[in-house]
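If you want the building blocks of each chain, they are given just below.
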Amino acid sequence: MRWLKALDRTFHGITGAAAASLLLLLLGLLIVLYDGARPALLRFGPGFVLGSSWDGAHDLYGAYPAIAGTLLSSGLALLFAIPVALGVALFLSEMAPPWLREPLAYVVDLSAAVPSVVYGFWAFYVLVPFVRSTVEPGLASLTGGTGPFSGSPTGLDLFTASIVLAIMIVPTIAAFSREALRAVPRSQREAAMSLGATSWEASRLAVLGPARRGIVAGVILGLGRAIGETIAVAMVIGNIYLTPTSLFSPAQTLASLIVNNFGGVGPGLERSALFEVGLLLLAVTVGVNVLARLLLGQTSEPRGPRRPAGFRLRASALLGRQHHPLPHPVSPASASAGADSAVAAGRWSSHLVDRVPKNLRRRRALHWVVVSICAGALLLAILPLASVLTTAFDRGGGAVIQPSFYVSENPLGCNPGPGRSCSLGGIGPEIQGTLLLLGLGALVAMPLGILAGIYLSEYGRRGRSRFARGASFVADVLTGVPTILLGVFVFAVFLRLDHDSATSALSGGFALGAVMVPLVARATEEGLRTVSTGVREAALALGFTRHRMSLRVVLGSARNAVVTGALLGLSRAAGDTAALFVTAGSSSFWFQGFNQPTAALTPFIFTNFGSEYANLASDAWGAALVLLLMMLLISVGARWVVRSRSVGAEL
Amino acid sequence: MPPKLQVIELDARYGDRHVLYDVSLDIPDAAVTAIIGPSGCGKSTFLRCLNRLHEETPGATSTGRILLDGEDLRSKDAVSVRFRVGMVFQKPTPFPNLSIYENVAAGLRLLGVRRREELDDGVVDALLHAGLWEEVENDLDAPGTSLSGGQQQRQCIARALAVRPEVLLMDEPCSALDPIATHKIESLILKLKREYTVVIVTHNLAQARRVSDHTAFFYLGKLVEFGPTLKIFEQPGEKLTENYVTGRFG
Ligand SMILES: Nc1ncnc2c1ncn2[C@@H]1O[C@H](COP(=O)(O)OP(=O)(O)O)[C@@H](O)[C@H]1O
Ligand SMILES: [Mg+2]
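About the thresholds
- Residues numbered from 1 in each chain as written.
- Chains lettered and ligands numbered in written order.
- Predicted model: local features only at pLDDT ≥ 70, side-chain atom pairs only at ≥ 80, totals over all residues.
- Heavy atoms only, no water.
- Helix = DSSP H or I, 4+ residues; strand = E, 2+ residues; numbered from the N terminus.
- Buried < 20%, exposed > 50% of the residue type's maximum accessible area, 1.4 Å probe, protein only.
- Contact = heavy atoms within 4.5 Å.
- Areas by Shrake-Rupley, 256 points an atom, 1.4 Å probe, with all protein chains shown as cover.
- Salt bridge = Lys/Arg side-chain N within 4 Å of Asp/Glu carboxyl O.
- Near = heavy atom within 4 Å.
- Polar contact = N/O pair within 3.5 Å; in protein donor to acceptor, adjacent residues only side chain to side chain.
- Nonpolar A, V, L, I, M, F, W, Y, C, P; charged D, E, K, R; others polar.
- Phe/Tyr/Trp six-rings, centres within 6.5 Å; stacked < 30°, edge-to-face > 60°.
- pLDDT = per-residue confidence, 0-100.
- Pairing = 2+ DSSP bridges.
- Axes fitted to C-alpha atoms, helices over the stretch in contact; angles between N-to-C directions.
- Parallel < 35°, antiparallel > 145°, perpendicular 65-115°, else oblique.
- Left-handed = near helix turned anticlockwise from the far one by under 90°.

**Student:** When you look at the overall build of chain A in this model, what are you seeing that I'm missing?
**Tutor:** Secondary structure summary: chain A contains 24 helices and two strands in total. Out of the 651 residues in chain A, the part that is buried amounts to 55%. Of the contacts made within chain A by residues no fewer than 6 positions apart, 78% connect residues no fewer than 24 positions apart. When the accessible area of chain A is evaluated, it comes to approximately 27100 Å², of which 66% is carbon and sulfur surface.

**Student:** Even after reading the chapter, I still don't get the pattern of salt bridges, so can you show me in this structure?
**Tutor:** Oppositely charged side chains can pair when the atoms bearing their charge come close. All names here are of chain A. Summed over the entire model, instances satisfying the criterion amount to 29 salt bridges over all chains. Linking Arg-363 and Glu-201 is a salt bridge whose minimum nitrogen-to-oxygen distance equals 2.8 Å. With a gap of 162 residues between them, Arg-363 in helix α14 (residues 351–400) and Glu-201 in helix α7 (residues 199–228) connect regions that are remote in the sequence. Each member of the pair, Arg-363 together with Glu-201, is buried. Linked through salt bridges whose partners overlap, the residues forming this network are Arg-293, Asp-476, Arg-522 and Glu-525.

**Student:** What exactly am I supposed to notice about the site of ligand 1 here?
**Tutor:** Residues and elements named next belong to chain B. Within the structure, ligand 1 sits among Tyr-14, Arg-17, Val-19, Ser-39, Gly-40, Cys-41, Gly-42, Lys-43, Ser-44, Thr-45 and Thr-57. The separation between an oxygen atom of ligand 1 and a polar main-chain atom of Gly-40 is 2.7 Å. Measuring from an oxygen atom of ligand 1, one finds a backbone N or O atom of Cys-41 at 3.3 Å. Out of a free accessible area of 550 Å², ligand 1 has 65% covered by protein chains. Put simply, the parts of the chain that give the shell around ligand 1 at least two residues each are β2 (17–27) and α1 (43–50). In terms of residue count, the dominant contributor to the shell around ligand 1 is α1 (three residues). Class assignment for the residues of the shell around ligand 1 results in three nonpolar, six polar and two charged.

**Student:** Would you mind showing me how to read the packing of aromatic side chains here?
**Tutor:** The geometry of two aromatic rings is summed up by the distance between their centres and the angle between their planes. Using the criterion set out here, one finds 23 aromatic pairs over all chains in the structure. Aromatic side chains Phe-121 of chain A and Tyr-125 of chain A sit 5.4 Å apart centroid to centroid with 75° between the ring planes, which places their arrangement in the edge-to-face category. With Phe-121 of chain A and Tyr-125 of chain A both in helix α4 (residues 116–143) and four residues apart, the pair spans about one turn of that helix. For Phe-121 of chain A, a relative accessible area of 0% gives the class buried. With a centroid separation of 4.9 Å and an interplanar angle of 25°, the aromatic rings of Phe-217 of chain B and Tyr-244 of chain B are classed as stacked. Residue Phe-217 of chain B is located in strand β9 (residues 214–219), and its partner Tyr-244 of chain B is located in helix α10 (residues 239–245); the two are separated by 27 residues in the primary sequence. Aromatic rings pair up to connect Phe-121, Phe-124, Tyr-125, Phe-581, Phe-606, Phe-609 and Trp-621 of chain A into one cluster.

**Student:** What exactly am I supposed to notice about the confidence of the model for chain A here?
**Tutor:** If pLDDT is low for a region, its predicted coordinates should not be looked at in detail. Residue and element names in this part refer to chain A. Per-chain confidence: chain A averages 84 in pLDDT, with 83% of residues scoring 70 or above. The spread of mean pLDDT over the elements of chain A runs between helix α13 (residues 341–346), the lowest at 33, and helix α2 (residues 64–95), the highest at 96. In this model, residues 299–305 is a region of pLDDT below 50 whose contacts with residues beyond four sequence positions or in other chains number 21 contacts. In this model, residues 644–648 is a region of pLDDT below 50 whose contacts with residues beyond four sequence positions or in other chains number twelve contacts.

**Student:** Looking at this structure, how should I read the environment of Val-49 of chain A?
**Tutor:** Residues and elements named next belong to chain A. By the element assignment, Val-49 lies in the loop between α1 (2–44) and β1 (54–55). In the structure, Val-49 is positioned 248 residues away from Gly-297 in sequence and 33 Å away in space, judged by C-alpha atoms. When sequence neighbours within four positions are dropped, the list of residues in contact with Val-49 reads Ala-63, Tyr-64, Ile-67 and Leu-280.

**Student:** When you look at the side chain of Ser-194 of chain A in this model, what are you seeing that I'm missing?
**Tutor:** Within the secondary structure, Ser-194 of chain A sits in the loop between α6 (186–193) and α7. Here Ala-191 of chain A takes part through its backbone oxygen, which lies 3.0 Å from a polar atom of the side chain of Ser-194 of chain A. Each residue touching Ser-194 of chain A, except ones within four places of it in the same chain, is listed here: Asn-51, Arg-82, Val-85, Gly-86, Met-87 and Phe-89 of chain B.

**Student:** Please explain the sheet that holds strand β10 (residues 222–228) of chain B as it appears in this structure.
**Tutor:** Hydrogen bonds between backbone atoms are what pair the strands of a sheet, whose relative direction is either parallel or antiparallel. Residues and elements named next belong to chain B. Across the sheet, six strands lie side by side as β6-β7-β8-β3-β9-β10; this open sheet has mixed pairing. Of all strands in the sheet, those with a lone pairing partner are β6 (85–88) and β10, marking the two edges. Neighbouring strand axes in the sheet, compared pairwise and without regard to direction, differ in orientation by 15° on average. Of the strand pairs in this sheet, strand β7 (residues 167–171) and strand β8 (residues 197–201) are connected by five bridges, and their pairing is parallel. By the bridge assignment for β8, Asp-171 is matched with Val-201. α1 rests against β3 (32–36), β6, β7, β8 and β9 of the sheet, and its axis sits at about 155° to β7. Set on the sheet, helix α6 (residues 149–162) makes contact with β6 and β7; between it and β6 the angle comes to about 170°.

**Student:** When you look at the packing of α1 of chain A against helix α15 (residues 428–458) of chain A in this model, what are you seeing that I'm missing?
**Tutor:** When two helices pack together, their arrangement is given by the angle between the helix axes and by the axis-to-axis distance. Residues and elements named next belong to chain A. One can describe the packing of α1 onto α15 by two numbers: an axis separation of 7 Å at closest approach and a directional angle of 110°. Taken as axis vectors, α1 and α15 run roughly perpendicular relative to one another. Taken as a pair, α1 and α15 cross one another with a handedness that is left-handed. Here α1 contributes Phe-11, His-12, Ile-14, Thr-15, Gly-16, Ala-18, Ala-19, Ser-21 and Leu-22 to the contact with α15, which in turn contributes Leu-448, Leu-451, Ala-452, Ile-454, Tyr-455 and Leu-456. Residues that form the contact of α1 with α15 fall into these classes: eleven nonpolar, four polar and no charged.

**Student:** Where do I start with the packing of helix α9 (residues 254–261) of chain A against helix α10 (residues 269–296) of chain A in this structure?
**Tutor:** All names here are of chain A. Where α9 meets α10, the closest approach of the two axes is 9 Å, and the angle between their N-to-C directions is 150°. Considering the angle they form, α9 stands roughly antiparallel to α10. Between α9 and α10 the crossing geometry is left-handed. Together, Leu-254, Ala-255, Leu-257, Ile-258 and Asn-261 of α9 and Glu-270, Leu-274, Val-277, Gly-278, Leu-280 and Leu-281 of α10 make up the contact between the two elements.

**Student:** What is the right way to look at the sheet that holds strand β1 (residues 5–14) of chain B in this model?
**Tutor:** All names here are of chain B. An order of β2-β1-β4-β5 is seen for the four strands of this open sheet, with the pairing classed as antiparallel. Because the sheet does not close on itself, it has two edges, and the strands there are β2 and β5 (71–72). Taken together, the eight bridges between β1 and strand β4 (residues 60–68) define a ladder with antiparallel strand orientation. The residue bridging Arg-13 from the neighbouring strand is Thr-61, located in β4. Together, β1, β2 and β4 form the strand contacts of α1, whose direction differs from that of β1 by roughly 120°.

Below is the structure:
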């Protein structure tokens, strides 16, 4: 028995060490960014946040335009996203017919799985022309082209970026809101209904209120995601480093500034300034995520107007009166006087009864208006996914049906003309590179993430140890850290340790690993948590030590959930561009060695999305379609392995 | 005096699961009717048919008729039925983000009452009726959930009374409460029956005896016996009833 106890402790130690890696990751991120930013911090001091130039020639850097661009684009995105997401959540949790809820929720969650580079690509080809030709001129003429609507609409600006961000955060906000709404017990709705509430009134009265905190937390997490979103924004925001003066101004955000410049700068003040921008971005996103997670951990307080002073007086006057001030059911003595039904019914009639038919039609109508609005919101939320899929099939379908597409190298750029046809080439090196990077990342992330997830579910969260609760919190917060920062972190660490492979397959693999670890840990934890406490207690009662219980009982019955977690991590990593873009380097060749730059799918799309060559553009669409199909496959696979809650959109 | 509610050949199901079989029963006006029976026999389902809450459960259906003052419930709008037939649940269900005042005023607001005085009067009146006024008069702005379990349950009763229903349905209102709180609710029920028709589901036979005028005994989805409480407990007409009320099973 002694050795069993020892084994138990070892198990605790090993999983705990894995959980500690999460803390180290966040801490390391902070230290590395600070270290890299030091020269810029010393040189510019606090004035950095107010400086408005990014001038390599004079080595003058300031972050103000990027800060403004970030706040404006994400604020605007929230403005667009909140009503839609709330409508979606209400419709899915309160209004849709029960058999339709799951599938519809699944489709909305699916739109969270579309890689941001694909959203950006789609926006560049579909949304931007539409905004440029229709929406923005319309807005400009409606408003007389003044104030925030001044300037010439180009489509590549703050406004479009906000729409893209809104599209991307709707699933997140909707998923959290839906969970919050669902968490309200059915008895609450029934209590409201038995008061005579219509179904919408029951939602408003008994459900929206208690769910408020969860919804606000979801909104804040959405905000965090919008602030940290990098690639899709960089593809549509115009990338001009000026403080925006109108919705139609091209701009930059903190994240887009880093991704646009990081690859091109050598050691020096500019790189340091970019590190400082990263530090700012980290501070903002971590702050926002901490706030959201704190809110999620709390309960709500009551609402309602304070009683005016006069109330007490009126109330006591009422108490002093002999009779009730309102017509009220009378005593049986007088009721029995009128024995027939009409009189009996008549004795209840009060001014309240008269109200019923009068306001009921209005209330019913209101119910249907709200239901229609929410259904409309759902359609609006599904529209982008539908459009992304059809566009990708339309433009990339030709490429992906050719077997050579998967094994050939990229073609030379070429435009077909009269008597001139272009070779399509393929994305063989990119597929090879992506698989390699994912494999490397998984090698790092899976053991760490799964062990950490076990620790979090077994010892964390409600656990007594402060460390365990801290690790749970950090895991949550890490899932909200922009991946570009994880890339910059890995790049900087490699720069220190092994200068020559700072942009290499190895570095890229580690970056993807860093992206995966918190996701896998959280998804594993969620999965394990669903194993009923009954099973756990039974196992403990049978004398299982904790580690055996975890391994045999819990892991056994939650294997599916762990697989889902792993798949989720892989899917996110496969779709990530920002972290890879600053670590894997750029290459269009087949594998050249672990310490050499490598090709990969997402950077390929990012570098070629605006290509002037038709064949490269179709290749990029083909690559986007391959990515989308991969996501769909993983998502459907995960769904098939285990019908789990919407962990996907929440993480 | 004609019955307040007439239940005629009521059958209820959850999907394929048949839980009430051919129940017919007249619920007398201005009296307390207790529904007793072993758990799972369909007491709650029966009660939930009386205010058409049953049909809100996904997959739930029912056939047969229920007349309120002679009018078929189905011929009316469910919302207006529930406004006349209030309900209190097993576990107190205060709206957690609303104050005590707003909890009690919730039904009035649904009816479109906006004037401050009218709301105030309705709330004070309902709290007085529910016997809660003295305990909360200084804390009307406190959260509805800040009260003790028994107070919360009386708050829920006040909330139901505020819209002046004709019938009050109570589904094991005391099963989550301690003896003192239970006693308060029981005296409240005795007081209310002068003005309301009360239907109470209870697990507690002594309670049924104490508060009710009539008792219906359900078993496996069927109404076994219905009659004056004293008769059901002292001289039951059915062997099954006798076994149940003497504690031989259940
Ligand atoms: N929502 C539901 N779906 C399916 N079956 C239900 C549901 N609610 C209750 N039942 C079943 O209907 C029967 C009667 O339940 P209920 O009316 O709650 O009994 P009681 O209140 O007498 O304990 C039980 O067998 C119960 O399992
Ligand atoms: Mg029951």
